[in-house]
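The chain contents come next:
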Amino acid sequence: MQEDIIQAEKMKVVSEIAASVAHEVRNPLTSVRGFIQLLSDPALNDRKRREFSSITLEELDRAEAIISDYLSLAKPQIERLEPIVLEDALAKASQILSSYANLQNVEIITDIKLTATVYGSKSKFRQAIINIGKNAIEAMPRGGMLTLTYTVNMPNQIVTITIADTGIGMNDEQLKRLGSPYYTTKDKGTGLGTMVIFSVIRSMNGKIEVRSKEGEGTTYFITLPLTQQA
Ligand code: ADP
Ligand code: MG
């Protein structure tokens, strides 16, 4: 009974996000449609044509960014709950982040000595780690270090994943707003990435703590219950 209620709560969070993302993607698509219509006017001068084309591309990039921040949550119907081997999941996530990191002169360090297994949806968990890593990389415009590691606390049967960057950091005000939908400080931000992170970790019965210092960097601490290895 209790379990059912918790499960229903989780689905509610996911479907609320789905509804708001659908809405957010629709806005840029509507504007793209309008500009394509304007572009078909043969009387349009070159300057206007270039301006409208570039707005169209920007709006499409925006729709793409929203979808990619949200990627795996967009298909809750194929969600499968299963044991997640942490070292594999983190390796996969850092592999996906590596080209983006290279582009920004960020070095990714995965420092993992132990094996640990948690329980949840692999794709959602990977999405959460990617969203954290993406923000970390974006916080280091002049390069830096992104470190992924975890420690296991056997007596309490928990694992704490630590994801640290050497980026611009956040002040207390920014830290407080982290995780609220559409909160962004970036020109082309969606403000959806952190919301997805929090909702995924919550759905895995985990906790997130974020510590940050302006000019020094940010560290995410994610605590999750361990799963007995099968
Ligand atoms: P977006 O990345 O599209 O702005 P997010 O929800 O992913 O949206 O992040 C919200 C905001 O939180 C960012 O705009 C940024 O200001 C702040 N933020 C998140 N992670 C970090 C980080 N590692 N370092 C500095 N600021 C961060
Ligand atoms: Mg982000």
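For the structure itself, look to the data block above.
These figures come from a predicted structure and were not determined experimentally.

What counts and how
Residues numbered from 1 in each chain as written. Chains lettered and ligands numbered in written order. Predicted model: local features only at pLDDT ≥ 70, side-chain atom pairs only at ≥ 80, totals over all residues. Heavy atoms only, no water. Helix = DSSP H or I, 4+ residues; strand = E, 2+ residues; numbered from the N terminus. Buried < 20%, exposed > 50% of the residue type's maximum accessible area, 1.4 Å probe, protein only. Areas by Shrake-Rupley, 256 points an atom, 1.4 Å probe, with all protein chains shown as cover. Pairing = 2+ DSSP bridges. Axes fitted to C-alpha atoms, helices over the stretch in contact; angles between N-to-C directions. Contact = heavy atoms within 4.5 Å. Near = heavy atom within 4 Å. Polar contact = N/O pair within 3.5 Å; in protein donor to acceptor, adjacent residues only side chain to side chain. Parallel < 35°, antiparallel > 145°, perpendicular 65-115°, else oblique. Nonpolar A, V, L, I, M, F, W, Y, C, P; charged D, E, K, R; others polar. Core = buried A, V, L, I, M, F, W, Y, C linked by side-chain atoms within 4.5 Å.

A.B. asks: Before we move on, could you go through the overall build of the protein and cite the residues and values that matter?
C.D. replies: Along the protein, the regular secondary structure elements total 6 helices and 7 strands. When the helices and strands of the protein are placed in sequence order, the string is α-α-β-α-β-β-α-β-β-α-α-β-β. Residues counted as buried form 40% of the 230 residues belonging to the protein. Of the roughly 13300 Å² of accessible surface on the protein, a fraction of 54% belongs to carbon and sulfur atoms.

A.B. asks: Give a description of the sheet that holds strand E7 (residues 217-225) that names residues and reports values.
C.D. replies: A sheet is described by the order of its strands in space; here 5 strands give the open sequence E2-E4-E5-E7-E6, paired in mixed fashion. If you trace the sheet from one side to the other, it starts and ends with strand E2 (106-111) and strand E6 (207-213), each paired once. Going from strand to strand, the sheet's axes swing by 15° on average, the running direction of each strand aside. By the bridge criterion, 8 bridges tie strand E4 (residues 144-153) to strand E5 (residues 158-165) in an arrangement that is antiparallel. When the bridges of E5 are listed, Thr147 appears paired with Ala164. Sitting on the sheet, helix H6 (residues 193-203) touches E6 and E7, and the angle it makes with E6 is about 140°.

A.B. asks: Talk me through the side chain of Glu82; I want residue IDs and the actual numbers.
C.D. replies: Tracing the backbone shows Glu82 in strand E1 (residues 81-85). Of the residues examined, Glu82 reaches a relative accessible area of 15% and is grouped as buried. With sequence-adjacent residues up to four places away left out, Glu82 is seen in contact with Val118, Tyr119, Gly120 and Lys122.

A.B. asks: Outline the site of ligand 1, supporting the account with residue identities and numerical values.
C.D. replies: Near ligand 1, the surroundings consist of 21 residues, among which Thr184, Thr185, Lys186, Thr190 and Thr194 are the closest. At 3.1 Å from an oxygen atom of ligand 1 is found a main-chain nitrogen or oxygen belonging to Gly191. In the environment of ligand 1, a nitrogen atom lies 3.4 Å from a nitrogen or oxygen atom belonging to the side chain of Thr218. Contact with the protein chains removes 96% of the 540 Å² of surface that ligand 1 exposes when unbound.

A.B. asks: Give me the lowdown on the packing of helix H2 (residues 46-70) against helix H4 (residues 122-138), citing residues and values where you can.
C.D. replies: Each pair of packed helices can be described by the angle between their axes along with the distance between the axes. With their axes 9 Å apart at the nearest point, H2 and H4 run at an angle of 125° to one another. When the axis of H2 is compared with that of H4, the two are oblique. Here Ser68, Asp69 and Tyr70 of H2 lie close against H4, whose contacting residues are Gln127, Asn131 and Lys134. Split into classes, the residues belonging to the contact of H2 with H4 amount to 1 nonpolar, 3 polar and 2 charged.

A.B. asks: Please set out the nonpolar core residue by residue, giving values where relevant.
C.D. replies: Among the nonpolar cores identified, the biggest contains 43 residues, and Phe125, Leu146, Ile161, Ile163 and Leu224 are the most heavily contacted of them. Contributing elements (two or more residues each) for this core: helix H1 (2-39), H2, helix H3 (86-103), H4, E4, E5, H6 and E7. Among the elements that line this core, the one with the most residues is H4, at 7 residues. Here Leu224 is in contact with Val118, Phe125, Gln157, Ile158, Val159, Ile161, Ile201, Met204 and Gly206, once residues within four sequence places are set aside.

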